Amino acid sequence: MNSLALNYQTINLFSGLNQENIEALGAISEVLKFKKYQYIYNPKEAADHVYFVLEGRVKICSYNEIGKELIKTIHYPGEMFGECGLLENAERLDYAQSMDSSLRLLAVPLPAFKRFLCNNPDLSIKLTSRIGNKLMAAQKRIENFIFKSARSRIIDFIKDLANKQGRQVGYEILIKNFLTHNEIASLIGTSRQTVTIVLNELKKSNQIHIDRKNVLVRDINTLQ
């Protein structure tokens, strides 16, 4: 792979890499393209690659005992996923699916990625910190399920997404490609009807504006 054809600095983990390391990374990685709804991997498959989102979104999901999809997390450009193989899990425990028609991923074989980390101890420390942050986020999500109301979880979701993927437009924040009500409900552990009611209330009180797949947050500091 031609490392010059890809800006590795857009990937959070690799920001700050020198040219030598960028070229070494380019030699062991490849760019993969997926269509909307296409699976990147499925449960029980070998966890033999780690992935980085270049364009589009990926959802990590599982099914409960009655076959209902449960969204565990959604990954956006610059983020890493599929790293369970680094934690000695030989098989995938969930599945990863494309949410957009133009998904592009950087795929790195796990053995080569481990060698790359061994040669870059600073990057290993950075990776450990990011995995720790993921675990803390998962713990916070569990606490929110227990202690916060559905409305509070929906508002927290909007704020988190605005901070993560929103674009500042004056005093407002524009969130493009907002999730469906079903996807939000699955992600935060509530019903689609509850999501619809809360979003309509926020729209009626002029705290947000919804236009097709986009949401405009009027003032994130007063959103409640």
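Residues numbered from 1 in each chain as written. Predicted model: local features only at pLDDT ≥ 70, side-chain atom pairs only at ≥ 80, totals over all residues. Heavy atoms only, no water.

Here's the deal with the sheet that holds strand β11 (residues 208-211)
Two pairing modes exist for strands in a sheet, parallel and antiparallel, and in both the strands are linked by backbone hydrogen bonds. Read across the open sheet, the four strands follow the order β9-β10-β12-β11; overall the sheet is antiparallel. Where the open sheet ends on each side, the last strands, each with one partner, are β9 (167-169) and β11. Neighbouring strand axes in the sheet, compared pairwise and without regard to direction, differ in orientation by 25° on average. Pairing between β9 and strand β10 (residues 172-175): three bridges, direction antiparallel. (Pairing = 2+ DSSP bridges. Helix = DSSP H or I, 4+ residues; strand = E, 2+ residues; numbered from the N terminus. Axes fitted to C-alpha atoms, helices over the stretch in contact; angles between N-to-C directions.)

Things to note about the pairing of strand β12 (residues 214-217)
Across three bridges, the pairing between β10 and β12 is antiparallel. When the bridges of β12 are listed, L174 appears paired with L216. As paired elements, β11 and β12 share four bridges and run antiparallel to each other. Bridge pairing links D211 to N214 in β12. Linking β11 back to β12 in an antiparallel pair, the connection comprises two residues, with R212 at a positive phi of about 55°.

Description of the environment of S15
Structurally, S15 is set in the segment before α1 (19-28). Given the relative accessible area of 37%, S15 is considered partly exposed. In this structure, the C-alpha to C-alpha distance between S15 and R218, residues 203 residues apart in sequence, is 32 Å. Every residue in contact with S15, bar those within four places of it in the chain, is listed here: Q9 and K126. There is a polar contact of 3.1 Å between the side chain of S15 and the side chain of K126. (Buried < 20%, exposed > 50% of the residue type's maximum accessible area, 1.4 Å probe, protein only. Contact = heavy atoms within 4.5 Å. Polar contact = N/O pair within 3.5 Å; in protein donor to acceptor, adjacent residues only side chain to side chain.)

Looking at the environment of Y8
Within the secondary structure, Y8 sits in the segment before α1. Sequence separation between Y8 and E201 is 193 residues, and the spatial gap between their C-alpha atoms is 41 Å.

Describing the packing of aromatic side chains
Throughout the structure, instances matching the rule amount to eight aromatic pairs. Aromatic side chains Y41 and F81 sit 6.2 Å apart centroid to centroid with 35° between the ring planes, which places their arrangement in the tilted category. With a gap of 40 residues between them, Y41 in strand β2 (residues 39-41) and F81 in strand β6 (residues 80-81) connect regions that are remote in the sequence. As far as the burial class goes, Y41 and F81 line up, both buried. Summarising the aromatic geometry, the rings of F52 and F113 are spaced 6.0 Å apart at their centres and angled 65° between planes, so their arrangement reads as edge-to-face. You can see F52 sitting in strand β3 (residues 49-55) and its partner F113 sitting in helix α2 (residues 110-118), a full 61 residues away along the chain. Residue class for F52 comes out buried when judged on its relative accessible area of 0%. (Phe/Tyr/Trp six-rings, centres within 6.5 Å; stacked < 30°, edge-to-face > 60°.)

Here's the deal with the sheet that holds β6
Here four strands make up an open sheet; going across it, the order is β1-β8-β3-β6 and the pairing antiparallel. Two strands lie at the open edges of the sheet, namely β1 (30-34) and β6, each paired on one side alone. In this structure, β3 lies alongside strand β8 (residues 103-109), joined through six bridges in antiparallel fashion. Bridging from a neighbouring strand, V53 pairs with L105 of β8.

A closer look at unusual backbone geometry
The backbone phi angle of K44 is positive, close to 75°, even though this residue is not glycine. Its location among the elements puts K44 in the loop between β2 and β3. Not every positive phi belongs to a glycine, and N177 is a case in point at roughly 55°. The residue N177 is located in the loop between β10 and α5 (181-188) in this model. Classification of N177 by relative accessible area gives partly exposed; the value is 39%.

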